[in-house]
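Spelled out from the first residue to the last, the chains are:
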Number of protein chains: 2
Amino acid sequence: MGKVSTRQHIIERADQLFYERGFEATSFADIAQAVGISRGNFYHHFKKKDDLLDAVVERRMANTRMMLDQWASAFPEPKDRIRAFIQILIVNQAKIMAHGCPVGTLCAELAKLEHVAQNSARQIFGLFRDWLAEQFRSLGRTQGAEALALHLLGRSQGVTALAMAFRDPAFVETEVAALERWLDSIDQPALPQDQPS
Amino acid sequence: MGKVSTRQHIIERADQLFYERGFEATSFADIAQAVGISRGNFYHHFKKKDDLLDAVVERRMANTRMMLDQWASAFPEPKDRIRAFIQILIVNQAKIMAHGCPVGTLCAELAKLEHVAQNSARQIFGLFRDWLAEQFRSLGRTQGAEALALHLLGRSQGVTALAMAFRDPAFVETEVAALERWLDSIDQPALPQDQPS
DNA sequence: GCTAAATTAGGACGCTCGACCTATTTCGGC
DNA sequence: GCCGAAATAGGTCGAGCGTCCTAATTTAGC
């Protein structure tokens, strides 16, 4: 039936704990206890803690891709798709105020540890950046699409950082409203009849 | 004599290492080695690691106050003061790309550890918020001064987050330029006549 | 149904950590 | 110059960590 493999179960719980407590602060014993298996069993699935981290990052990549695809199929309009991205700040507001952005905080931690996996973690941001850039391109902003994507990504990261520090729901809502106004104000240039290069 | 007390020396090095490597990842042995003292000597100055963290946060608070005061005395115009804040992103660009914002990353780490000192760390953000709000008030924005301050603080945090992840100097410079344009666009309402002062 | 492989359990290791302790040295007030 | 306090050095302890190991159990192929 709904039996998920132990390996998958480990990855899911590790994903959650890495998010809530951080990578270094989460021990194998913590995860084993959360999954309900022995510590020894652990090492049959993941020899090194870094292997587990790789699997978690891979899972987050896959989940992110799924989410982006889902938005793309749910919303035909690029602006609605971008709005869905902005709305994560509201949908996950409680978690964000408690533990920040899963991607941003992981990248920050790995950067401080000078961990090899920080390149992989950065790629999750890359997924959002590229997807957002594509939406802005669909809006006709073929020129600075990537800059717009990075701008929005950065704004979103800033909201999560202060949300975590101040834990003020009103701030999050104010900033989300500002982001949506910013999005609305983006001009959707009429397509020129011929491309004057 | 430039002789600084051992205690002060410890705090300075700990401040630096907490920033570069993170609080938990920095051990007493690391700091002792950096200072050039024995581990035993350490415990004469700080009984608990949390005591040292408190001292580091206090130091950062004091340094922040000094920096803000310095800006206030160097720039009579509120907009120039705010511009000085924005320019930290350029002045500390290299450090920020390597280790992020000292305040933001510390708050994030302490939040994940559910550490008692996260309230103290948050106060450093509070210093910036209040100081920025005062500048916006001086600009005539008495109404939404704090919201403007938090907006700017958040924008700055977002830049540091992506700067750390992507390590792209061009992104930082683009966003700083955007922030300065945003600042310039803030309307400075004409003072009403009945404001003699 | 047998057997080899996959899975699980749990102990053991070497190490590092924060914390504590006891000596020894340095220093300042009188 | 004496002496008590401050400062420094370095050892030790228990706990927790990632890692590894061996043994028991379950599973799957033929």
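Predicted model only: the values in this text are computed from it and were never measured. Residue indices follow the written sequence of each chain, beginning from 1 at its first position. To label them, take the chains in the order written and letter them from A, then take the ligands in the order written and number them from 1. In keeping with the model being predicted, local features are shown solely for residues with a pLDDT of at least 70 and side-chain atom pairs are shown and tallied solely at 80 or more, while totals for entire chains, interfaces and linings include all residues. Excluded from the side-chain calculation are hydrogens and water; included are all heavy atoms of the structure.

Here we come to the protein's contact with DNA strand C. In the region of DNA strand C, 14 residues are neighbours, and A:Gly40, A:His45, B:Phe28, B:Tyr43 and B:Lys49 sit closest. Here a polar contact means two N or O atoms within 3.5 Å. Within protein one must be a hydrogen donor candidate and the other an acceptor candidate, and residues neighboring in sequence count only if both atoms are side-chain atoms. A distance of 3.4 Å separates a phosphate oxygen of DNA strand C from a polar atom in the side chain of B:Ser27. Between DNA strand C and B:Phe28 there is a distance of 2.9 Å, counted from a phosphate oxygen to a backbone nitrogen or oxygen. In this text, near means that some heavy atom of the residue lies within 4 Å of the molecule or strand in question.

Around DNA strand D, the structure places 14 residues, and the nearest of them are A:Tyr43, A:Lys49, B:Gly40, B:Asn41 and B:His44. Among the atoms of DNA strand D close to the protein, meaning within 4 Å, 59% are from sugar or phosphate groups. Contacts to DNA strand D include A:Phe28, whose backbone N or O atom sits 2.9 Å from a phosphate oxygen. At a separation of 3.4 Å, a base nitrogen of DNA strand D approaches a polar side-chain atom of B:Arg39. Sorting elements by how many residues they give to the surface near DNA strand D places helix α3 (residues 39–45) of chain B first, with five residues. Residue classes follow a fixed rule: Ala, Val, Leu, Ile, Met, Phe, Trp, Tyr, Cys and Pro count as nonpolar, while Asp, Glu, Lys and Arg count as charged, and any other residue, Gly among them, counts as polar. Split into classes, the residues belonging to the surface near DNA strand D amount to three nonpolar, eight polar and three charged. Helix and strand assignments come from DSSP, with helices taken as H or I runs of at least 4 residues and strands as E runs of at least 2, each series counted from the N terminus.

Right, let's talk about the domain arrangement of chain A for a bit. All names here are of chain A. As far as domains go, chain A holds domain 1 (1–47) and domain 2 (49–185). Measuring from the centre of the C-alpha atoms in domain 1 to the corresponding centre in domain 2 gives 25 Å. Taken together, the contacts link 19 residues of domain 1 with 19 residues of domain 2. In short, buried area is how much 1.4 Å probe accessible area vanishes from two parts on joining, totalled over both. Per-residue buried area on domain 1 facing domain 2 is highest for Asp15, Tyr19 and Phe23; these three make up 45% of the total on that side. Salt bridges are identified by distance alone: a Lys or Arg side-chain nitrogen within 4 Å of an Asp or Glu carboxyl oxygen. Scanning the region where domain 1 abuts domain 2 turns up three salt bridges. Asp15 is the partner of Arg59 in a salt bridge, and the nearest nitrogen-oxygen pair spans 2.9 Å. Along the contact surface separating domain 1 from domain 2 lie eight residue pairs in polar contact (both at pLDDT 80 or more). Contributing elements (two or more residues each) for the side of domain 1 that touches domain 2: α1 (6–21) and α2 (28–35). Sorting elements by how many residues they give to the side of domain 1 that touches domain 2 places α1 first, with 10 residues. Partitioning the side of domain 1 that touches domain 2 into residue classes produces 10 nonpolar, three polar and six charged. As used throughout, domain bounds are those supplied by an automatic or database domain assignment. Whether two residues are in contact is decided by their heavy atoms: any pair within 4.5 Å suffices.

What follows deals with the relation of the copies chain B and chain A. Alignment of the copies relies on least squares applied to C-alpha atoms, considering only residues that score at least 70 for pLDDT in both. Taken as rigid bodies, chain B and chain A are interconverted by a rotation of 180 degrees and an axial shift of 0.0 Å, the fit giving an RMSD of 0.0 Å. Between the two chains, the operation in question is that of a two-fold axis. Within chain B, B:Gly158 has its C-alpha nearest the rotation axis, a separation of 1.8 Å. Taken as a fraction of all interface residues of chain B, those also at the interface in chain A reach 100%, which identifies the copy contact as same-surface.

Moving on: the side chain of B:Gln135. Mapping B:Gln135 onto the fold places it in helix α8 (residues 118–138). If we ignore the near neighbours within four places in the chain, the residues touching B:Gln135 are B:Pro78, B:Arg81 and B:Ile82.

Using a 1 Å grid laid over the protein atoms alone, points where a 1.4 Å probe fits but cannot get out form a cavity; open sets with protein on both sides within 12 Å along at least 5 of 7 lines form a pocket; any residue with an atom within 4 Å of a point counts as lining. Grid points are joined across faces, edges and corners, and a volume is the space filled by probe spheres set on the points. In total, this model carries three cavities of 30 Å³ or more according to the counting rule given. If you add up the space inside the largest cavity, you get close to 40 Å³. Lining the largest cavity we find A:Met164, A:Ala165, A:Arg167, B:Cys107, B:Ala111, B:Gln118 and B:Arg122. Those elements that provide at least two residues to the lining of the largest cavity are α9 (145–166) of chain A together with α7 (102–112) and α8 of chain B. Here the residues of the lining of the largest cavity sort into four nonpolar, one polar and two charged.

Let's shift gears to a negative patch on the surface. Every patch collects residues that have over 30% relative accessible area and no salt bridge, joining them within 9 Å if they carry like charges and within 5 Å if they are nonpolar side chains (Val, Leu, Ile, Met, Phe, Trp, Tyr). Only the protein chains shown count as cover for residues, and the accessible areas themselves come from Shrake-Rupley with a 1.4 Å probe. Here Asp and Glu are counted as negative and Lys and Arg as positive; His is not counted, and neither are the chain ends. For the purpose of locating charges, the reference atoms are NZ of Lys, CZ of Arg, CG of Asp and CD of Glu. Together, A:Asp50, A:Asp51, A:Asp54 and A:Glu58 make up a region of like negative charge exposed at the surface. As for its position among the elements, A:Glu58 is in helix α4 (residues 49–74).

Let us now look at the environment of B:Ile186. Residue and element names in this part refer to chain B. Note on placement: Ile186 falls in the segment after α10 (169–185). For the exposure calls, accessible area comes from a 1.4 Å probe over protein chains only, and a residue counts as buried if that area is under 20% of its type's maximum, exposed if over 50%, partly exposed in between. Accessibility expressed as a relative area gives 6% for Ile186, which makes it buried. Spatially, the C-alpha atoms of Ile186 and Phe136 are 9.4 Å apart, while their sequence positions differ by 50 residues. Here Ile186 is in contact with Lys79, Phe136, Arg141 and Leu148, once residues within four sequence places are set aside.

Right, let's talk about the environment of B:Lys49 for a bit. All names here are of chain B. By the element assignment, Lys49 lies in helix α4 (residues 49–74). Distance from Lys49 to Ser27, taken between C-alpha atoms, is 8.9 Å for residues 22 residues apart in sequence. Lys49 has contacts with Phe23, Glu24, Thr26 and Phe28, leaving out every residue within four places of it along the chain. A polar contact is formed between the side chain of Lys49 and the backbone oxygen of Thr26, at a distance of 2.8 Å.

Right, let's talk about the packing of α4(A) against helix α7 (residues 102–112) of chain A for a bit. Residue and element names in this part refer to chain A. Every angle, taken between N-to-C directions, lies between 0 and 180 degrees, and every axis is a line fitted to C-alpha atoms, over only the stretch in contact when it is a helix. The contact between α4 and α7 brings their axes to 12 Å, and the two run at 150 degrees. Considering their axes alone, α4 and α7 lie roughly antiparallel with respect to each other. Here α4 runs over α7; the crossing is left-handed. The residues of α7 that touch α4, namely those facing Leu53, Val57 and Arg60, are Pro102, Val103, Leu106 and Leu110. Between 65 and 115 degrees an angle is taken as roughly perpendicular, under 35 as roughly parallel, over 145 as roughly antiparallel, and anywhere else as oblique. What makes a crossing left-handed is the near helix being turned counterclockwise from the far one by less than a right angle; a clockwise turn instead makes it right-handed.

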